[in-house]
Amino acid sequence: RAKDITQDTFISVWQNLPGFRNESSLGTWVFRIAANHCLRQIERENRISKAPMPAEIPEITDASQPETERKKEFLYKCISELPETDRLIISLELEDIKQSEIAVILGLSEANVRVKIHRIKEKLTLKFNGYEE
């Protein structure tokens, strides 16, 4: 599925390259196209009925695994449980994409992106603090 979306993204980039107006960086433009393809795929998948997902993903407890690795896995588990848009925002933030670019990619204001990032970090911190206790 990821390969299909990647291929669709690059086909769209190739087909729409003549219409690129240099209003943003090329990377931001490609990110926006990729994000749109991903969000459309998620919408398509949500329309298809599937078997019910478990309410919570079971925690991995492997005693041989270092504590930092377990914490990292738990953090990514928490991120995976976020709504799609929040997952996309925090993933871009973790990739060190500028908040101004995230705003362009998602079609949001920069202020809205800052607020969303702050709220996402608060949610993740609460979950993470619960894990450590």
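Residues numbered from 1 in each chain as written. Predicted model: local features only at pLDDT ≥ 70, side-chain atom pairs only at ≥ 80, totals over all residues. Heavy atoms only, no water.

Student: Account for the side chain of D86, naming residues and giving values.
Tutor: By secondary structure assignment, the location of D86 is in helix α4 (residues 84-94). On the basis of relative accessibility, which here comes to 11%, the residue D86 falls in the buried class. Excluding residues within four positions of it along the chain, D86 makes contact with I120 and K123. (Helix = DSSP H or I, 4+ residues; strand = E, 2+ residues; numbered from the N terminus. Buried < 20%, exposed > 50% of the residue type's maximum accessible area, 1.4 Å probe, protein only. Contact = heavy atoms within 4.5 Å.)

Student: Pulling in residues and values, what's your account of unusual backbone geometry?
Tutor: Residue D96 is not a glycine yet carries a positive backbone phi of 60 degrees. Secondary-structure assignment places D96 in the loop between α4 and α5 (99-106).

Student: Can you break down the packing of α4 against α5 residue by residue, with the values?
Tutor: Between α4 and α5, the least distance of the axes is 10 Å, while the angle of their chain directions is 145 degrees. The two elements α4 and α5 cross, and the hand of that crossing is right-handed. Across from L88, I89, L92 and E93 in α4, the residues of α5 making contact are Q99, I102, I105 and L106. Partitioning the contact of α4 with α5 into residue classes produces six nonpolar, one polar and one charged. (Axes fitted to C-alpha atoms, helices over the stretch in contact; angles between N-to-C directions. Left-handed = near helix turned anticlockwise from the far one by under 90°. Nonpolar A, V, L, I, M, F, W, Y, C, P; charged D, E, K, R; others polar.)

Student: For the environment of I120, give the residues involved together with the corresponding values.
Tutor: Relative to the assigned elements, I120 resides in helix α6 (residues 110-132). Setting aside its immediate chain neighbours within four residues, I120 contacts L82, D86, I89 and I90.

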